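Residue-level listing of the chains:
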Amino acid sequence: MSKVRLLNFSHGLILSTLFIHYSLADVGTAAQYGPPFLPTTCFGRDASQFPSSNMFAAAGEGIWDNGAACGRQYQVRCISAAAPRTCVPGQTIQIKIVDRAQSSVSRPSLGGTSMVLSVTAFQAIANVSASFINIEFQQV
Ligand SMILES: *[C@@H]1O[C@H](CO)[C@@H](O)[C@H](O)[C@H]1NC(C)=O
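Residues numbered from 1 in each chain as written. Predicted model: local features only at pLDDT ≥ 70, side-chain atom pairs only at ≥ 80, totals over all residues. Heavy atoms only, no water.

Chemist: Help me out: how do you make sense of the overall build of the chain in this one?
Modeler: Secondary structure assignment for the chain yields three helices and six strands. Secondary structure of the chain in N-to-C order comes out as α-β-β-α-β-β-β-α-β. Going through the 140 residues of the chain one by one, you find that 36% of them count as buried. The contacts in the chain between residues at least 6 apart in sequence include a share of 77% that link residues at least 24 apart. Accessible area for the chain stands at about 8,100 Å²; split by element, carbon and sulfur atoms hold 56% of it. (Helix = DSSP H or I, 4+ residues; strand = E, 2+ residues; numbered from the N terminus. Buried < 20%, exposed > 50% of the residue type's maximum accessible area, 1.4 Å probe, protein only. Contact = heavy atoms within 4.5 Å. Areas by Shrake-Rupley, 256 points an atom, 1.4 Å probe, with all protein chains shown as cover.)

Here's what the structure looks like:
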């Protein structure tokens, strides 16, 4: 009797661990954009809020959240792309949202993606010659 209960308990633990892992991360797409990086929507247009590491992104409409996305941080991983071997294996980056993709001065390599990574952020996880990649991303 107690053996069965223990088995059920550990089984439930494993299932909830899997569930938590998959429920936190979203799957989407990322394009890229290059300079000039001029703030148009976030931080009262104060470019000093941009991370000096250049690891930032503009939010797609799906995560823009009426401007609440400004300053949010995401971990981003490349999962696949149209061309094979585009993703840099095992690389995860952390980026800060600094703009809205729809109104960025420098235009994205593709419209309608989940987010638009700065070229510095993009090339840390993928071959920079790709116009977009499939990503897994998670707010931190
Ligand atoms: C990046 O992609 C281009 C075009 O597919 C290819 O010619 C180039 O070799 C790739 N670079 C690397 C470092 O894999």
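What follows continues from the structure just given.
Chemist: Just to check I follow, could you spell out the sheet that holds strand S2 (residues 56-59) for this structure?
Modeler: Sheets are built from strands that pair by backbone hydrogen bonding, the pairs being arranged parallel or antiparallel. One closed barrel holds the six strands; their spatial order is S1-S5-S2-S4-S3-S6, and the pairing between them is mixed. Across the sheet, the mean angle from the axis of one strand to that of its neighbour is 45°, orientation sign disregarded. (Pairing = 2+ DSSP bridges. Axes fitted to C-alpha atoms, helices over the stretch in contact; angles between N-to-C directions.)

Chemist: Would you mind going over the packing of aromatic side chains with me for this structure?
Modeler: Centre-to-centre distance and the angle between the planes together describe a pair of aromatic rings. The tally for this structure, following the rule as stated, stands at five aromatic pairs. Relative to Phe-56, the ring of Phe-37 lies with its centre 4.8 Å away and its plane at 85°, an arrangement referred to as edge-to-face. Residue Phe-37 is found in the loop between strand S1 (26-33) and S2, and its partner Phe-56 is found in strand S2; the two are separated by 19 residues along the sequence. Comparing Phe-37 with Phe-56 shows no difference in burial state: the two are buried. (Phe/Tyr/Trp six-rings, centres within 6.5 Å; stacked < 30°, edge-to-face > 60°.)

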